[in-house]
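Tertiary structure, described
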2 protein chains.
Amino acid sequence: MALIVVGTMAYDAIETPFGKTDKIVGGSATYVAYAASNFVTPVQQISIVGNDFDEAIMADLKARGVMTEGVVRVKDKPSFFWSGRYHMDMNSRDTLVTDLNVLADFDPHVPEAYQGADFLMLGNLMPKLQMQVIDEMRVRPKLIVLDTMNFWMDIAMDDLKAVLKKVDVLMVNDSEARQLTGEYSIVKAAKTILTMGPKYLIIKKGEHGALLFHENHVFYAPALPLEDVFDPTGAGDTFAGGFMGHLAKTKDISFNNMKTAIIVGSAMASFCVEKFGPERLQEITRADIDNRIQEFVNLVQFDIDLV
Amino acid sequence: MALIVVGTMAYDAIETPFGKTDKIVGGSATYVAYAASNFVTPVQQISIVGNDFDEAIMADLKARGVMTEGVVRVKDKPSFFWSGRYHMDMNSRDTLVTDLNVLADFDPHVPEAYQGADFLMLGNLMPKLQMQVIDEMRVRPKLIVLDTMNFWMDIAMDDLKAVLKKVDVLMVNDSEARQLTGEYSIVKAAKTILTMGPKYLIIKKGEHGALLFHENHVFYAPALPLEDVFDPTGAGDTFAGGFMGHLAKTKDISFNNMKTAIIVGSAMASFCVEKFGPERLQEITRADIDNRIQEFVNLVQFDIDLV
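Below: a short report on this structure. (Residues numbered from 1 in each chain as written. Chains lettered and ligands numbered in written order. Predicted model: local features only at pLDDT ≥ 70, side-chain atom pairs only at ≥ 80, totals over all residues.)

Digging into the overall build of chain A
A count of helical and extended segments in chain A gives 11 helices and 14 strands. For chain A, the C-alpha radius of gyration of 18 Å lies close to 19 Å, the compact-globule estimate for 307 residues. In terms of principal-axis extent, the alpha carbons of chain A reach across some 65 × 40 × 35 Å. Of all 307 residues assigned to chain A, the portion counted as buried reaches 49%. Considering only intrachain contacts with a sequence separation of at least 6, the fraction spanning at least 24 residues in chain A is 67%. (Helix = DSSP H or I, 4+ residues; strand = E, 2+ residues; numbered from the N terminus. Rg over C-alpha atoms; globule rule 2.2 N^0.38 Å. Buried ≥ 20, exposed ≤ 12 C-beta atoms within 10 Å, placed from the backbone. Contact = placed C-beta atoms within 7 Å.)

Here we look at the sheet that holds strand S9 (residues 119-122) of chain A
Residue and element names in this part refer to chain A. Spatial strand order, S6-S5-S1-S9-S10-S11-S12-S13-S14: nine strands in an open sheet with mixed pairing. Edge positions in the open sheet fall to strand S6 (66-73) and strand S14 (217-221), since each of these has one partner strand only. Adjacent strand axes in the sheet meet at a mean angle of 15 degrees, parallel and antiparallel pairs treated alike. Pairing geometry for strand S1 (residues 3-6) and strand S5 (residues 43-49), over four bridges, is parallel. Of the residues in S5, the one forming a bridge with valine 5 is glutamine 45. (Pairing = 2+ DSSP bridges. Axes fitted to C-alpha atoms, helices over the stretch in contact; angles between N-to-C directions.)

Section: the sheet that holds strand S6 (residues 66-73) of chain B
Residue and element names in this part refer to chain B. Ordered by their spatial adjacency, nine strands build an open sheet running S6-S5-S1-S9-S10-S11-S12-S13-S14, and the pairing between neighbours is mixed. On the outer flanks of this sheet lie S6 and strand S14 (217-221), each paired with one strand and no other. Ignoring which end each strand starts from, the neighbouring axes of this sheet average 15 degrees apart. Relative to strand S12 (residues 200-204), strand S11 (residues 169-173) runs parallel, the two being bridged by five bridges. Opposite asparagine 173, over in S12, you have lysine 204 as the bridge partner.

Things to note about the nonpolar core
As a rule of thumb, soluble globular proteins bury nonpolar side chains together. The biggest cluster of nonpolar side chains holds 203 residues, and the ones touching the most others in it are A:Leu3, A:Val5, A:Met121, A:Val145, B:Leu3, B:Val5 and B:Met121. When residues no more than four places from it in sequence are discounted, the contact partners of B:Val5 are B:Ala29, B:Val32, B:Ala33, B:Ala36, B:Val43, B:Gln44, B:Gln45, B:Ile46, B:Met121 and B:Gly123. (Core = buried A, V, L, I, M, F, W, Y, C linked by C-beta atoms within 7 Å.)

Details of the interface of chain B and chain A
Taken residue by residue, the interface counts 34 residues in chain B and 34 residues in chain A. Grouping the amino acids of the side of chain B that touches chain A by side-chain chemistry returns 21 nonpolar, seven polar and six charged. (Nonpolar A, V, L, I, M, F, W, Y, C, P; charged D, E, K, R; others polar.)

Quick word on the environment of B:Trp82
Residue and element names in this part refer to chain B. You can see tryptophan 82 is positioned in strand S7 (residues 81-86). Measuring from C-alpha to C-alpha, the distance between tryptophan 82 and lysine 62 comes to 24 Å, with 20 residues separating the pair along the chain. When near neighbours in sequence (up to four residues on either side) are disregarded, tryptophan 82 contacts Ala10, Asp12, Thr95, Val97 and Thr98.

What to know about the pairing of S14(B)
Residue and element names in this part refer to chain B. With respect to burial, S14 is a largely interior element, four of its five residues being buried. In terms of strand pairing, strand S13 (residues 210-214) meets S14 through five bridges, oriented antiparallel. Counterpart to leucine 212 in the pairing with S14 is phenylalanine 219. Hairpin connection from S13 to S14: two residues lie between these consecutive antiparallel strands, with glutamate 215 at a positive phi of about 50 degrees.

Notes on the environment of A:Ala2
Residue and element names in this part refer to chain A. On the secondary structure map, alanine 2 appears in the segment before S1. Counting along the chain gives 113 residues from alanine 2 to glutamine 115, while the straight-line C-alpha distance between them is 9.5 Å. Residues contacting alanine 2, with those up to four places away along its chain left out, are Pro42, Gln44, Ala117 and Asp118.

Regarding helix H7 (residues 186-193) of chain A
Residue and element names in this part refer to chain A. Every buried residue belonging to H7 is among Ile186, Ala189, Ala190 and Ile193, and all of these are buried. Looking straight down H7, one finds its buried side chains confined to an arc of 100 degrees; they lie on one side. Its buried side turned inward, H7 meets strand S11 (169-173), helix H6 (174-181), strand S12 (200-204) and strand S13 (210-214). (Arc of directions from axis to C-beta.)

Remarks on the relation of the copies chain B and chain A
It takes a turn of 180 degrees to lay chain B on chain A, together with a shift of 0.0 Å along the axis; the resulting RMSD is 0.0 Å. Read as a symmetry element, the transformation amounts to a two-fold axis. Within chain B, the C-alpha atom positioned nearest to the axis of rotation is that of B:His208, 2.9 Å from it. Most of the interface of chain B is mirrored in chain A: 100% of its interface residues are interface residues there too. (Least-squares fit on C-alpha atoms with pLDDT ≥ 70 in both.)

Section: unusual backbone geometry
Note that the residue after A:Thr41, namely A:Pro42, is joined by a cis bond; omega there is -5 degrees. A positive phi angle is found at A:Glu215, which is not glycine, with a value near 45 degrees. Relative to the elements of secondary structure, A:Glu215 occurs in the loop between S13 and S14. Phi at B:Lys251 takes a positive value of approximately 55 degrees, unusual for a residue other than glycine. With respect to the helices and strands, the residue B:Lys251 is situated in the loop between helix H8 (235-250) and helix H9 (255-272).

Quick word on helix H8 (residues 235-250) of chain A
Residue and element names in this part refer to chain A. The end-to-end C-alpha distance of H8 is 23 Å, a good match for the 22 Å that 16 residues give at a rise of 1.5 Å each. For H8, a buried count of 14 out of 16 residues is recorded, marking the element as mostly surrounded by other parts of the structure. Of the residues flanking the end of H8, it is lysine 251, one or two places downstream, whose phi is positive at about 55 degrees. (Expected span 1.5 Å × (residues − 1).)

Remarks on the packing of helix H1 (residues 28-36) of chain A against H8(A)
All names here are of chain A. The interhelical angle for the contact between H1 and H8, taken along N-to-C directions, is 40 degrees, at an axis separation of 7 Å. By the criterion of interaxial angle, the relationship of H1 to H8 is oblique. Of the two possible hands of crossing, H1 and H8 adopt the one that is right-handed. Residue-level contacts link Ser28, Tyr31, Val32, Ala33, Tyr34, Ala35 and Ala36 of H1 to Asp237, Thr238, Ala240, Gly241, Gly242, Met244 and Gly245 of H8. Class assignment of the residues belonging to the contact of H1 with H8 gives a composition of eight nonpolar, five polar and one charged. (Parallel < 35°, antiparallel > 145°, perpendicular 65-115°, else oblique. Left-handed = near helix turned anticlockwise from the far one by under 90°.)

Here's the deal with the packing of H6(A) against H7(A)
Residue and element names in this part refer to chain A. Where H6 meets H7, the closest approach of the two axes is 9 Å, and the angle between their N-to-C directions is 60 degrees. Between H6 and H7, the angle is such that the two are oblique. At the point where H6 passes H7, the crossing takes the left-handed sense. From H6, Asp174, Ala177, Arg178, Leu180 and Thr181 reach across to H7, where they touch Ile186, Ala189, Ala190, Thr192 and Ile193. Residue composition of the contact of H6 with H7, grouped by class: six nonpolar, two polar and two charged.

Points about the environment of B:Gln294
Along the polypeptide, B:Gln294 turns up in helix H11 (residues 286-300). Here the alpha-carbon distance between B:Gln294 and B:Arg178, two residues 116 residues apart in the chain, equals 33 Å.

In short, shape yes, function no, at least from these values alone.
Encoded structure:
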């Protein structure tokens, strides 16, 4: 079952209370690919990079079953670059630099070899470009998942609302869910979003876990309490990659299996934050992943027979 | 299995974004008793009230199996009174009025009829008074649980640290755990607290659920996502009451049973916030409680066989 991933492949420079990096590889599609390729191949990447993008990263991804026919390499510009500084709570951050570079020219197209993919992950991107990819798919994928952010709600709300009508699952954080609906209550916001197109809504709450809403059902996945969150960059995209990877691997898009997929995504995200950038994702093994998922089982299981 | 509850029985006047009350009954021991008495009797109350305390509330509690020999009634003063206004997020609030009244004279003693109780819940109170009750127990209860707050860390940290050495379980919220230890990371704070006396630590995170720490184990209980949190006053004490009630009912103080007890406490707290004060706790039935606990099971259960 192929999974198409649309998003950025880029460079970040990150400051956290625990340290500071030079330019390191980042981008939503990079994190999704690293996470998802543990579960399903091929992962079919649609992105744009500049003349500075490390060929070794591209080769590493290819070795993991990631197809890069859909990644345009621009010869005369650098890759998208973002720099930010996280606050002590690791939930808020200041953007220091945003250099669009090649991203200003991103015009995503679906390569012929990708047509027929069953799963489509639209990483956080201008809503018009997300729509363009959906429109280019000759057969609608079985599951389309969209990530977005407050920035697009500020400047392109109508485009965002249009693309929301075409997707199955929306992933946002709690403040984005509030901004999208004008509802303070997360439950009311969820009910409203489920009338805007998506049949499933995932609300990411960082260290407080994630919620999955569908019809009148709700599922609460915890986050693993970690001694140190070293760098939260990419955690949401890694979550998305684990989520999509599990669904594509199991070929089951039921609500019940989405609950499991959220646990898998949460487990992958818990690795991501342990080191800067995607470094930890590059080194973990299948056994590491299985052990981490078992930690999530232990974290939430309780015996209610006694009540 | 008797449960002794030490704490305030008082009046509150509450403002939330959803409404405002006149003086209504409140106090930590009131909420604990309403919650715990669904699971275990007798609940043996130690508190102090003034000449204004409603006899009908005392009679209602007695009818639920709450003993009030340990509740001193002062004839010439009113009950402790607190007034506060909650912010939109319902996690933060401003105190408008604190009238200690009878609470200034609170000198808690354990009535003879309460000696031999196996469970002791020390509600949020001056640490010296919590210590006094422990010292008066001729046989140490099997489980002593202590609730406290940042106020006592500000003005009576040494007393608090002394009483912590004598208890089995500490209940605090996340910011209190940070203040108590000087550690920002909740996991590091938990590790430090588990060296200060308590063998178990419960960190209450409001709408984000609760964590239970013991040795190197951790359990994450979600909070039920609610459409409206009407009034959070007493939710923490109601949680404590459900927690203690379940443990006392099942006579099992293992880590495994504490996980279940936290779910029971969370279920009780989810009722508490649905109306002002203890009103909702006064009207729920055993069937309501069972249904709510089942909602928690549905909220977190997932099938991991597919991974």
